[in-house]
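One letter stands for each residue in the lines below.
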Amino acid sequence: MPVYPPEPFRIKEVESIRLIPPKAREAALKEAGYNLFAVKAEDIYIDLLTDSGTGAMSQEQWAAILRGDESYAGARSFYRLKTAVEDIFGFKYFVPAHQGRAAENILCACLVKPGQYVPSNMHFDTTDANIRARGGRPENLVIDEAFDPTILHPFKGNMDNAKLKAFIEKVGAVNIPFGMVTVTNNAGGGQPVSMENLKAIADVYHSNNIPFFIDAARYAENCFFIQLREPGYAHKSVKEIAHEMFALADGMTMSAKKDAIVNIGGLLCMNEGILFEKVKNELILREGFPTYGGLAGRDLEAMAVGLYEGLDETYLSYRLGQTAYLAARINEAGIPTIQPAGGHAVYLDAAATLPHIPQQEFPGQALSVELFREGAIRGVEIGSVMFAHPDLETGQVVYPKLELLRLAIPRRTYTQSHMDYVADTLAHIKTRAANVHGFRFTYTPELLRHFTARFEPLK
Ligand code: F0G
């Protein structure tokens, strides 16, 4: 059992949470159409829906918020953020955006034309949808090991270079406006990508004249995994590793709601001047003037401070240790999770936990409902509800390889006893798993259906 690392902070402000009784949970589920996104947050006891924007800001961040310069153009707060972004990421140009998907939208609006392809190890859902919304086709080329939850690969987020080369050969480099990689690979278990792999990917993209963008939402966790696991990096600081990583790329999109530990914010960075001009015009149309990009001055300040706090190695060691502890306790209860534990979340193998529920009846969804029913805990399905889609040519439904329930851990928010409560609740569910049933849709929107779909239980 991994040791639970003492939190490298103490608490000076609290937010109350309460456990509503079983009857009220049942009513909440029914009212929400069995979609946890539609349950009121105050009815959730432990909220592991996402680690995005849900972390606790530090006293330094709150102090910075009071220094926010709310000038429309050229605010002091923008220049503070600019200094931090240049220091950490080193790209020539950047714009703030209100969150990660806004940065993705602007990048796709500027670069993706209908029928073009954008490869990655695995795109997250919003990236996937932003590429599709411009008529493009996202392609996931992660290594095969990523699809076997039991394999202990140190860098299970790696892209398969042979698959990437074959893909470029097949569709033609001219039909690829840019290539990506997601660090860490959220859609595939929060698994890191090695520096060796990043270098190889950059080589392939660049030898084909394809610009290389990193989805940097959890770059600091990824860099810490490199320090821990990759030969030659034990003595480099996480910041030095980040420098090496971003020097390989032509730009990045980032949701600052993760490793910059803010409640709202995003970044789009690039080295190319012509693209930057296009990006600014699109940004003004969709987000705001380039020195605030849809954020308040105070948000820019909190991000400038949070970017450095996210790189703190004592914090990162606690963060990864907390995730590893929760995963080990859940495994102890007999529930398999993606191995090894990722950075920001534990991914329960719902297909293995509920083997009697077929993919078309959504085992991940069933497990998420059960977790709320049993303990008012909220996770998120990452399986067929999120990713099953009709094939563009044949119309047949293509199911994802994994049916997962993700328990994402907000940063600096929950303690060891909360993690123990989650593991104990799952242990209870395990004892009655055979009686858990699947679901069918009663409503589905066209894009990103997991957010607003409704379900009914199958008996
Ligand atoms: N890229 C990755 C890898 C992400 O995990 C997310 C968001 C985004 C981009 C989009 O960023 O939310 O700021 O617009 N992931 C959240 C999650 C929603 O729960 O994993 P955003």
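Residues numbered from 1 in each chain as written. Predicted model: local features only at pLDDT ≥ 70, side-chain atom pairs only at ≥ 80, totals over all residues. Heavy atoms only, no water.

Caption draft 1: The arrangement of the sheet that holds strand S8 (residues 266-270) in detail. With mixed pairing, the five strands of this open sheet are ordered in space as S2-S8-S7-S6-S5. Every interior strand has two partners, whereas the edge strands, strand S2 (93-97) and strand S5 (179-182), have only one. Strand-to-strand twist in this sheet, taken as the mean axis angle between neighbours without regard to direction, amounts to 15°. In this structure, S5 lies alongside strand S6 (residues 212-215), joined through four bridges in parallel fashion. Residue pairing across strands places Gly 179 opposite Phe 212, the latter belonging to S6. Together, S5 and S6 form the strand contacts of helix H7 (residues 195-207), whose direction differs from that of S6 by roughly 145°. (Pairing = 2+ DSSP bridges. Helix = DSSP H or I, 4+ residues; strand = E, 2+ residues; numbered from the N terminus. Axes fitted to C-alpha atoms, helices over the stretch in contact; angles between N-to-C directions. Contact = heavy atoms within 4.5 Å.)

Caption draft 2: Structural view of the environment of Leu 152. Positionally, Leu 152 belongs in the loop between strand S4 (137-140) and helix H6 (161-171). Judged by relative accessible area, Leu 152 falls into the exposed class, the value being 65%. (Buried < 20%, exposed > 50% of the residue type's maximum accessible area, 1.4 Å probe, protein only.)

Caption draft 3: How the structure looks around the domain arrangement of the protein. What the domain assignment reports for the protein is domain 1 (22-51 + 312-457) and domain 2 (59-309). Look at where the C-alpha atoms of domain 1 and domain 2 centre, and you get two points 26 Å apart. Taken together, the two surfaces of domain 1 and domain 2 that pack against each other cover about 2,900 Å², and 61% of this comes from carbon and sulfur. It is Glu 313, Pro 340 and Arg 411 that lose the most area in domain 1 upon contact with domain 2, and together they represent 17% of the buried surface on that side. Per-element accounting of the side of domain 1 that touches domain 2 gives the leading share, six residues, to helix H12 (residues 313-332). Class assignment for the residues of the side of domain 1 that touches domain 2 results in 14 nonpolar, eight polar and ten charged. (Domains from an automatic or database assignment. Buried area = accessible area lost by both parts, 1.4 Å probe. Nonpolar A, V, L, I, M, F, W, Y, C, P; charged D, E, K, R; others polar.)

Caption draft 4: How the structure looks around the nonpolar core. The biggest cluster of nonpolar side chains holds 109 residues, and the ones touching the most others in it are Phe 89 and Tyr 219. The dominant element in this core, judged by the number of residues it contributes, is H12, at eight residues. Two domains each donate at least three residues to this core, and these are domain 1 (22-51 + 312-457) and domain 2 (59-309). Leu 107, Leu 111, Phe 178 and Val 279 belong to the second-largest nonpolar core, a separate cluster that totals 21 residues. (Core = buried A, V, L, I, M, F, W, Y, C linked by side-chain atoms within 4.5 Å.)

Caption draft 5: Spatial organisation of the site of the ligand. Around the ligand, 17 residues are found, and the nearest of them are Thr 50, Arg 101, Asp 215, Ser 255 and Lys 258. Within the side chain of Asp 215, a nitrogen or oxygen atom sits 2.6 Å from a nitrogen atom of the ligand. Between the ligand and the protein, one listed contact pairs a nitrogen atom with a side-chain N or O atom of Lys 258 at 2.9 Å. A total of three residues in the shell around the ligand trace back to one element, the largest contributor, which is helix H4 (residues 100-111). Taken together, the residues of the shell around the ligand sort by class into two nonpolar, eight polar and seven charged. (Near = heavy atom within 4 Å. Polar contact = N/O pair within 3.5 Å; in protein donor to acceptor, adjacent residues only side chain to side chain.)

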